[in-house]
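Structure at a glance
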Amino acid sequence: RVRGADWFVKPVDGKGGKGIERWRRAGHKIRENGDLLLSDDEVIARLEWRSLDQSLLVQPRIANHPALDDLNNGALATIRA
């Protein structure tokens, strides 16, 4: 379920973080990367328009445990094996 959550959006064929959007809850609105404040429906309309040019993956945003804040510089810490 994506409504009611923070969102992470990226192009399906994206590389290196190019074209990503992070949407975080701010009350009944959602904020992109700390700047643009929109309703869920406004964000969905924006993503529908954007998806006309490229396929997008929209998923709930996950975050690091707060104990890792000093180590990750705001990025999601991951491990590849």
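First, a word on what this report is: a plain description of the structure on this page.

About the cut-offs
- Residues numbered from 1 in each chain as written.
- Predicted model: local features only at pLDDT ≥ 70, side-chain atom pairs only at ≥ 80, totals over all residues.
- Heavy atoms only, no water.
- Core = buried A, V, L, I, M, F, W, Y, C linked by side-chain atoms within 4.5 Å.
- Buried < 20%, exposed > 50% of the residue type's maximum accessible area, 1.4 Å probe, protein only.
- Helix = DSSP H or I, 4+ residues; strand = E, 2+ residues; numbered from the N terminus.
- Contact = heavy atoms within 4.5 Å.
- 1 Å grid on protein atoms, 1.4 Å probe; cavity = no way out; pocket = protein on both sides within 12 Å on 5 of 7 lines; lining within 4 Å.
- Points joined across faces, edges and corners; volume = space filled by probe spheres on them.
- Nonpolar A, V, L, I, M, F, W, Y, C, P; charged D, E, K, R; others polar.
- Pairing = 2+ DSSP bridges.
- Axes fitted to C-alpha atoms, helices over the stretch in contact; angles between N-to-C directions.

In this section: the nonpolar core. Judged by nonpolar contacts, Ala5, Trp7, Val9, Trp23, Ile30, Leu38, Val43, Leu47 and Leu56 together constitute the single largest core of nine residues. Elements with a contribution of two residues or more to this core: strand E1 (7-11) and helix H1 (40-50). Those residues within four positions of Val43 in sequence are excluded, and the remaining contacts are Trp7, Trp23, Ile30 and Leu38.

Quick look at the environment of Leu38 now. Note that Leu38 resides in strand E4 (residues 36-38). Here Leu38 falls in the buried class, since its relative accessible area comes to 15%. Remark: the alpha-carbon pair of Leu38 and Asp6, spanning 32 residues in sequence, is separated by 13 Å. Discounting residues that sit within four places of it in the chain, Leu38 has contacts with Trp23, Lys29, Ile30, Val43 and Arg46.

As a further point, take the layout of surface pockets. Here the largest pocket defines a volume of roughly 680 Å³. Considering the residues around the largest pocket, the lining is formed by 25 residues, among which Phe8, Ile20, Ala75, Leu76 and Thr78 are closest to the centre. At the level of elements, E1, strand E2 (21-26), strand E5 (56-60) and helix H2 (69-72) are the ones that each hand at least two residues to the lining of the largest pocket. Here the lining of the largest pocket gets three residues from one element, more than from any other, and that element is E1. Residue composition of the lining of the largest pocket, grouped by class: nine nonpolar, eight polar and eight charged.

Glancing now at the sheet that holds E2. The antiparallel open sheet is built from five strands, whose spatial order is E4-E3-E2-E1-E5. Two strands close off the open sheet at either side, each with one partner strand: E4 and E5. Adjacent strand axes in the sheet meet at a mean angle of 25°, parallel and antiparallel pairs treated alike. Bridge count for strand E3 (residues 29-32) against E4 is three bridges, and the pairing is antiparallel. Across the sheet, Arg31 pairs through a bridge with Leu37, a residue of E4.

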